[in-house]
Structures are given as structure tokens and as C-alpha cells.
Amino acid sequence: MTRKLIALDLDGTTLNSHAELSPKTITTIRAAIKAGHIVSIVTGRPNRLSQTYYDRLGLTSPMINFNGSLGHVPHRHWAREYQYTFDREIVLDVLNHQHDFQIQMVAAEGKHLFLAHQTAPTQVGFFPAVLTADEQLTASSLNQDPTSMTIAVARSSQKKLQNYIEQSFGSAVDVAPWGGPNSVLEVGAKGVQKAVGLKRLASFYHVERQNVIAFGDEHNDNEMIAYAGQGVAMQNATVHLKAIADDVTRLDNDHDGLADYLSRTLKLA
């Protein structure tokens, strides 16, 4: 058997549309690990919203969060842990322009960082509806450089704000809109995306590129899918991702598409 490194995006891929792990997905991934393969989560989610899934899947591998900007092993030290950050002043500048761009929320995050400022209610389920006193984002509370900034903005101002950030700070950060119904921009360190984390995993485990299988569904998976020897787009993936993928699952994320693909490809019992 040739050992594979299997990279799992979470939302729209490993998780169903209710952000749940199905029993079949759990069983299949555990079977892949038992067969000797390496399974790692590579997600845009912060670690605070990924670790529950990591634990339920029974993983012990490094986890990649914030679209490649954080690599770590939950619950224990990992000598190769890394974290890409950018200047906190970029977050504070966006805060100062919240009224100009109809910004509803700004969140700054890192492995041990979560601060947010809300000016209006948002429908972004990744963030608490009510912030505690120690979660309030201000110039004084943000005392470290963040790994990620997430901005909920009025749809009519989204492109205008994206252009402003790119023109003002484009040499230091990348900014991209989320897919799906929410009008959200995500900002991270320049040139860092999921493939950066996946390459680090492959190096750590001494797995050749052709033995890397990666699953995804959205634009933030593009580089990871292109890098993997076997880049697999979900049936529910974007048209562009399907076009650059090596294969597409028969079923979508609500019908165990990932589990079905792994079971057939790896010949899991």
C-alpha cells in the first residue's frame, strides 16, 4: 500500500450543509487512518471552530487553519508549528473607516486571539451574537499582530472596501470575498493560502506530491487542489474548482460525497 496524505477542507466538503459530520464520514476517515494513511484538516476556519471536528474524527496530525496561515497540533506541542501574521495597524485602519464602507463587523484572530467590533447585527454564524467584555476589538485590546481579519460589510460596499485594502496594503496582505450568501471579506498575510500549509504537511510526513489527495469546494481551495497530486472537487463545488481538479466526487457534501470517494479510491472495507 502507498501511504497517502489526505487533506480535508471542512465547510461544504467534509461537513454537510448543517456543518455536521455524518456517521459515514467519521467511520470512513477513521478507516483510512487505520489503513495507514495520514488525514489532516486544511481549512479556512479558525482553530477555535475546528478542534471539535478534529477530535471527533480521532485525528492526531497537524491541523492547518486560517487558509494556510496557522499550522499546529491541537492538545500538544509541535516543533514545526508556524503562524503567519500581518501588522495590527491594518486592522486599526479598517476600524477607523467602518462608517465609510458600511462595515458591520471586524474580527481579528490568531491561534490565541479573538477580538471583534460590531456596529450592526450580522448573519455570520462563525462569530458570537454577543461579545464579552474581553472580546471587544479596540486599539488597546489588539496588542499583537493578527493571523486573520474577517470583515462583514454591506454588499453594496464590498468591492469598494476590497479595492481600498488592496490599494493601501496590497504589498502586505491578500484580501478575498467569501463564497456563499454572506458579504464577508477575509484578509491574511500576503501569498499565504492552503497550499502553503499542505506543502508543509507533505514535507513533514515525507509524502511525495503525487501521493497527496486534497478535497475542496470553494475558491479558497483552488491552490490546494492544484498542488495536490489528486485534487478532488466536491460535486457541489464551484465551476472553476471542478475545472482545475483532477476528479470530482459522484455525490455532494450532503450525501457523503467525500466518504464515498475515499472508500472507493482507497478500497476501504
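Because the structure is a prediction, the values reported are computed rather than measured.

A closer look at the environment of L70
Item 1. With respect to the helices, strands and loops of the structure, L70 is situated in strand β4 (residues 70-72).
Item 2. Accessibility expressed as a relative area gives 0% for L70, which makes it buried.
Item 3. The spatial distance from the C-alpha of L70 to the C-alpha of V130 is 26 Å, given a sequence separation of 60 residues.

Looking at the sheet that holds strand β12 (residues 230-233)
Note: strands within a sheet are paired through backbone hydrogen bonds, in either parallel or antiparallel orientation.
Item 1. Read across the sheet, five strands follow the order β2-β1-β11-β12-β13 without closing on themselves; strand pairing throughout is parallel. This sheet does not close on itself; its edge strands, each paired only once, are β2 (38-41) and β13 (247-248).
Item 2. The pairing of strand β11 (residues 212-216) with β12 spans four bridges and is classified as parallel. Within β12, the residue paired with F215 across the bridge is V232.

Regarding the pairing of strand β10 (residues 184-189)
Item 1. For β10, the buried fraction is high: six of the six residues fall into the buried class.
Item 2. Strand direction decides the pairing type here: strand β8 (residues 148-153) and β10, joined by five bridges, are antiparallel. By the bridge assignment, T150 is partnered in β10 with E186.
Item 3. The pairing of strand β9 (residues 173-177) with β10 spans five bridges and is antiparallel. Residue A176 lies in a different strand from β10, and its bridge partner there is E186.
Item 4. A loop of six residues connects β9 with β10, the two strands running antiparallel in sequence, and G180 in this loop sits at a positive phi of about 85°.

Side note on the sheet that holds strand β5 (residues 82-83)
Item 1. Reading across the sheet, the three strands line up as β3-β4-β5 and stay open at both edges, with antiparallel pairing between neighbours. The sheet is open, and its two borders are formed by β3 (63-65) and β5, each paired with just one other strand.
Item 2. Summarising the sheet, β4 and β5 pair through two bridges and their orientation is antiparallel. Each bridged residue has a counterpart across the sheet, and for G71 the counterpart in β5 is Y82.

Quick notes on the rules
- Residues numbered from 1 in each chain as written.
- Predicted model: local features only at pLDDT ≥ 70, side-chain atom pairs only at ≥ 80, totals over all residues.
- Heavy atoms only, no water.
- Helix = DSSP H or I, 4+ residues; strand = E, 2+ residues; numbered from the N terminus.
- Buried < 20%, exposed > 50% of the residue type's maximum accessible area, 1.4 Å probe, protein only.
- Pairing = 2+ DSSP bridges.

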